[in-house]
Amino acid sequence: MKFFIVCFVFVFISTSTIIKPQTVLVTPKLNGSDKFYSNWQIFTSNNFIFHFPPNTVVKDKKKFADIHEQAYAKINLFINSSVPRKIDYFVWNYSEGAEKFGLDELSFALPEQCIIHAHVKETVGHEITHVLTHFISSNKKVKTKLINEGIATYFDLNNNAVYGGTEFKKPEEKISLKEAWHNDFKYSDFVYYFMGAELIKILNQKFGKQKLLKLLANQTYENAIILYGNELTKILSEIESKVQ
Ligand SMILES: [Zn+2]
């Protein structure tokens, strides 16, 4: 009897396995080191190692590389960063192409590892800026979402920037940039990306590059007050009133 039950259970498990095959998806390593990428094509340029999937929609890889090299040069003319090695830039066809394999929504950078995963329509400068600003020489590196996303959006170098999704919807409530500065999760991304970019633009125009580089190294509100004094409060309320 026991044997019969064991057999029955075995048959049941086998049958259910056959009826419902489980596809186990393993998220590919983000640094491109595993088999998943074995049929990807590599194109190397001065500052990048580009990785393209076999069905890439990018027809002219050299042109793609040139555009990104030009962006890197242009942004770094301002940022003066020294990135320790070439950036591994993974060029997915669509965001869903990557999400299907368990990656986060594209595009994103892992600056400390010099890695970018982006879809082909990503703005040319946004993720590159994240990597470049990470390697600004400074003893103290403190990041805040408002300044980090603000500078990357300011330097995206694309008039048709692709910032989609409901997370970019303008918030209904009254916005305090000081609160956004202290809390990365208080508002929608609209505030951190677009109002952050506006803040960076004004600070750069009014006070210049050297102070802005100090702010990029230590991105806190407290450091900004030291750098810009009372003028900062006025600038913040100007930006806030423009979007209300
Ligand atoms: Zn970003």
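As shown above, the structure is provided for reference.
Let us now look at the sheet that holds strand β3 (residues 87–92). Spatially, β1-β2-β3-β5-β4 is the arrangement adopted by the five strands of the open sheet, whose pairing is mixed. Strands with a single pairing partner mark the edges of an open sheet, and in this sheet they are β1 (41–44) and β4 (108–110). Between one strand axis and the next, the sheet turns through 20 degrees on average, direction left out of account. Two elements, strand β2 (residues 48–52) and β3, share four bridges in a ladder whose sense is parallel. In the sheet register, F50 faces β3, and the bridge partner there is Y89. Across the sheet, helix α2 (residues 61–79) is in contact with β1, β2 and β3; its angle to β2 comes to roughly 140 degrees.

Another aspect to go through is helix α4 (residues 126–134). Most of α4 is tucked away: eight of the nine residues are buried. Among the residues of α4, H126, E127, I128, T129, H130, V131, L132 and T133 are the ones counted as buried. Elements in contact with the buried residues of α4: α2, β3, β4, β5 (115–119), α5 (145–154) and α8 (209–217).

Conventions and cut-offs
- Residues numbered from 1 in each chain as written.
- Predicted model: local features only at pLDDT ≥ 70, side-chain atom pairs only at ≥ 80, totals over all residues.
- Pairing = 2+ DSSP bridges.
- Helix = DSSP H or I, 4+ residues; strand = E, 2+ residues; numbered from the N terminus.
- Axes fitted to C-alpha atoms, helices over the stretch in contact; angles between N-to-C directions.
- Contact = placed C-beta atoms within 7 Å.
- Buried ≥ 20, exposed ≤ 12 C-beta atoms within 10 Å, placed from the backbone.

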